[in-house]
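# Analysis of the macromolecular model
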Amino acid sequence: MWGIDLCRILFFIFLSYFLLNASSFRVDDSKARLAMPLNTKSHIKVFLPSIPYSYISKNTNSGLIRSTDNEKNWEYDLAKSHTRVDDLTYVFEIRRDLKFQDGTDFTIDNVIRNLENFRKYPLLYTNIDKVNFSIERVDDYRIKIKLDKKYEMFFLDLARVYFYTDEYLEKYTPKGAQTGSANRIPGPYAMGPYILESGYAVGEKQTDKLELIANPYYWDKRYPKIKRVTVYTQLDVSKALNFIKNHEGRLDIMPIPFNKKIDILMSKYSKLVIKKSTNNFTIFFNLINGNKTLENDEVRIALNEAINQENLLNFVYKKEGRISPFSTSINYKIVDKIAKKNKYTKFNFSEEKKKNLLNGLELNVFTQDRFIFLFKGIEYQLKKYGVKLNYTITTSEKDIYEQLLNTRSSKNSKEWDLLMWGNDDWYYQNPWTMFFIYENDSPWSTIKNDKYMDKYIKKFFETKVGTREYEQIVENILNRARNKAYTLRVPSHNKVMAVNKEVVFEPYIGGLIPLWKVEITRDHWSLREKEYLKEFYSPIKTQRIKNELDK
């Protein structure tokens, strides 16, 4: 039996290698056939199964700065320059002739009113809610912000502070929350490249579909390039895959399970686009009201030790990622540096000890359907040690949030021991994206309070990025989380996307999809008035997009 299984595996590896590297595949020529920007008929459809509220808000809203793929990991948005006067003081200058999505003027007074609102109702997923600051008008285009204490994440927090019309501020008073709250209602109330025309998405709840339309008053006149975008937040993965493989006009962009690469590659209408990513697959242990056995550190360590990371990477990830000694993605530059500096080894539990600790353990898993391929790989390895997994599966991330964010207070309605979340890098090249789940008393945390971790995290907020002290505090957090096995570790993954062959799209490394930069060809379904040419059915060679820093 083992010989037959080995032959099948080797055949599949050979077939995968051949299909993904075959020289007979055509080169993507979509950039040579681009349609004129903003054709009134131009339209794409996107499936965002993880943190849709964050992805959408970054396309419909604007702040002083925004995250991006460059050396600094940010760029100016509504601001044109800034000066950091000292550790506590920033001066920002905004661009000239800015307008809201409704065409009304945007001035320095709007900046002040929005920042005052943010000061009263800050984000709750960093420590900005524990820091006060003053806002002073310098002149018609400049403001000064002064913090009342040292807080080194303030500048990056500003990438999540969006500006709204006075009408929106008065009616809806945007308030910080444990998740994003920027897309409560549709309307031309913001400053981003796209206007939310219908639907809403605020983290813990969202409509199944949202419609975006190009903002005619966006400050950067190069963008957006497509008139309309439909965003789906909840689809059965198998149906979504069928849409993008076999039907035009149903889906244009979606993340896919790694075991579906060949299906996409060989389809008539889609191509594979792959890029290294700082996104994380986060698998929580429920140490609040889950299986009591998990409260034993050695049991959690044994579960991590029972997983052969190399086999998981090769056979489940289809080699789309890298092994990390931490649950935090090794594709963060600082994490990669720490991993290379230290030689991380296993805890060296014997096979007998792992079996003694794990045999008979039964765990309830709560996950989205798109992660079942990964859990099946984990389950296959854990069976060897007598572990049984019971599944509750949903198509919606909002169901994941409902359970996760209520577990800390023991108000979760489902019993779960392992919960998986597509923790896309919403903070962008800052490992806070993972570290915040270890923060004491946070609703995102499903571990007991840890005084050592609490001390490290407080220091993390005060420490300047790029210093030796910053590297040390990041290393302390990584090591504490690893040694306590606070999560079930899996390899760091690439972004693997199915994209319509007539769409030009380059994913970013983090949790940002710049829809305003997406382009389509003259042969895209939304523009073409004739049958799709059969010559386009032939497969396109896999596109592996390099990060700007790797080029």
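Our subject is the structure listed above.
All values reported here derive from a predicted model rather than from experimental measurement. (Residues numbered from 1 in each chain as written. Predicted model: local features only at pLDDT ≥ 70, side-chain atom pairs only at ≥ 80, totals over all residues. Heavy atoms only, no water.)

## What to know about the sheet that holds strand S4 (residues 79-84)
Under the convention used in this document: Two strands pair under a simple rule: DSSP has to find at least two bridges between them. Put simply, DSSP H or I for four residues or longer makes a helix, DSSP E for two residues or longer makes a strand, and each gets a number counted from the N terminus. Lines are fitted to the C-alpha atoms to define the axes, a helix being fitted only along its stretch in contact, and any angle between axes, read from their N-to-C directions, falls within 0 to 180 degrees. The contact definition used throughout considers only heavy atoms, calling two residues in contact when any of these lie within 4.5 Å.
Here we have four strands laid out as an open sheet, ordered S4-S5-S7-S6, and antiparallel in their pairing. Pairing within the sheet leaves two strands with one partner each, and these edge strands are S4 and strand S6 (133-139). Taking the axes of each pair of neighbouring strands and ignoring which way they run, one obtains an average angle of 20 degrees across the sheet. Pairing between S4 and strand S5 (residues 89-94): five bridges, direction antiparallel. Counted as the bridge partner of His82 is Phe92 from S5. Its contacts with the sheet place helix H3 (residues 108-120) against S5, S6 and strand S7 (142-147), and it is angled at close to 175 degrees to S6.

## Examining the sheet that holds strand S15 (residues 362-368)
On the basis of which strands lie adjacent, the open sheet formed by four strands has the order S13-S17-S15-S16 and mixed pairing. This sheet does not close on itself; its edge strands, each paired only once, are strand S13 (280-285) and strand S16 (388-394). The average angle at which neighbouring strand axes cross in this sheet is 25 degrees, direction not considered. As judged from the seven bridges shared by S15 and S16, these two strands associate in the parallel manner. In the sheet register, Glu362 faces S16, and the bridge partner there is Lys388. Contacts from helix H12 (residues 372-382) reach S13, S15, S16 and strand S17 (418-423), with the element oriented near 175 degrees to S16. Taken strand by strand, helix H13 (residues 397-407) contacts S13, S15, S16 and S17, and its axis lies near 125 degrees from that of S17.

## Some details on the pattern of salt bridges
Condition: Definition used for salt bridges: Asp or Glu carboxyl oxygen within 4 Å of a side-chain nitrogen of Lys or Arg. Classification of residues uses two cut-offs on accessible area relative to the type maximum, computed with a 1.4 Å probe and protein chains only: under 20% is buried, over 50% is exposed, and between them is partly exposed.
Tallied over the full model, the rule gives 47 salt bridges. The partner of Lys209 in a salt bridge is Glu211, and the shortest N-O contact between them spans 4.0 Å. With its nearest N and O atoms 2.6 Å apart, the salt bridge here joins Arg528 to Glu248. One end of the pair, Arg528, is in the loop between strand S21 (519-520) and strand S22 (543-545); the other, Glu248, is in the loop between helix H6 (237-246) and strand S11 (253-255), with 280 residues separating them in the sequence. Residue Arg528 is classed as buried on the basis of its relative accessible area of 15%. It is possible to trace a salt-bridge network through shared partners that takes in Arg26, Asp29, Arg33, Glu502 and Asp523.

## Examining the packing of aromatic side chains
The criterion, for reference: Stacked, edge-to-face and tilted labels apply to pairs of Phe, Tyr and Trp rings (six-membered ring for Trp) whose centres lie within 6.5 Å, assigned for plane angles under 30 degrees, over 60, and everything in between, in that order. Either the NZ atom of lysine or the CZ atom of arginine qualifies as a charge over a ring when it sits within 6 Å of the ring centre and within 35 degrees of the ring normal.
For the structure on display, the rule yields 43 aromatic pairs. Here the guanidinium or amino end of Arg160 rests over the ring plane of Tyr427, the centre of that ring lying 4.1 Å away. The ring of Phe243 carries Arg250 above its face, with NZ or CZ at 3.9 Å from the centroid.

## Some thoughts on unusual backbone geometry
The omega torsion of the bond from Tyr223 to Pro224 falls at -10 degrees, within 30 degrees of zero and hence cis. Notably, Asp97 is not glycine yet its phi reads approximately 55 degrees, a positive angle. For Asp97, the position within the fold is in the loop between S5 and H3. Its identity as a non-glycine residue notwithstanding, Ser410 has a phi of 60 degrees, on the positive side. Mapped onto the elements, Ser410 comes out in the loop between H13 and S17. A residue is classified by how much of its surface remains accessible, and Ser410, at 45% relative accessible area, is partly exposed.

## Points about H12
For H12, a buried count of nine out of eleven residues is recorded, marking the element as mostly surrounded by other parts of the structure. For H12, every residue scored as buried is listed here: Ile372, Phe373, Leu374, Phe375, Gly377, Ile378, Glu379, Gln381 and Leu382. Against the buried residues of H12 lie S13, helix H8 (297-305), helix H9 (309-316), S15, S16 and S17.

## Considerations on the nonpolar core
Put simply, the rule reads: We call a set of buried residues a nonpolar core when its members are Ala, Val, Leu, Ile, Met, Phe, Trp, Tyr or Cys and they connect through side-chain atoms within 4.5 Å of each other.
Counting residues in each nonpolar core, the largest one holds 162 residues, and the members touching the most others are Ile44, Leu303, Leu358, Ile378, Trp432 and Tyr438. Looking at this core, the element that brings in the most residues is helix H16 (residues 468-483), giving six residues. Filtering out sequence-adjacent residues up to four positions away, Trp432 remains in contact with Tyr125, Thr126, Met153, Trp426, Tyr427, Glu439, Ile457, Phe460 and Phe461. Counting residues in each nonpolar core, the second largest holds seven residues, with Tyr162, Tyr164, Leu169 and Ala182 among its members.

## Focus: the packing of H9 against H12
Quick reminder of the rule: Each angle gets one of four labels, with under 35 degrees taken as roughly parallel, over 145 as roughly antiparallel, 65 to 115 as roughly perpendicular, and the rest as oblique. Definitions for this section: a left-handed crossing has its near helix turned counterclockwise from the far helix by less than a right angle. A right-handed crossing has that turn clockwise. Amino acids are sorted into nonpolar (Ala, Val, Leu, Ile, Met, Phe, Trp, Tyr, Cys and Pro), charged (Asp, Glu, Lys and Arg) and polar (every other residue, Gly among them).
Two elements in contact, H9 and H12, have axes separated by 11 Å at closest approach and are oriented at 140 degrees. The angle between H9 and H12 falls in the class oblique. As for how H9 packs across H12, the hand of that crossing is right-handed. Here Asn311, Leu312 and Val316 of H9 come into contact with H12, specifically with Phe373, Leu374, Gly377, Ile378 and Gln381. The residue inventory of the contact of H9 with H12, partitioned by class, reads five nonpolar, three polar and no charged.

## Thoughts on the pairing of S13
Most of S13 is tucked away: six of the six residues are buried. Neither face of S13 is open: one carries Asn280, Thr282 and Phe284, the other Phe281, Ile283 and Phe285, and all of them are buried. Sheet topology note: the S13/S17 ladder contains six bridges and is antiparallel. The residue bridging Phe284 from the neighbouring strand is Leu419, located in S17.

## Some thoughts on the pairing of strand S1 (residues 43-47)
With five of five residues buried, S1 lies mostly within the body of the structure. One ladder, built from five bridges, connects S1 with strand S10 (residues 228-232); its direction is parallel. Along S10, the bridge assignment pairs Lys45 with Thr230.

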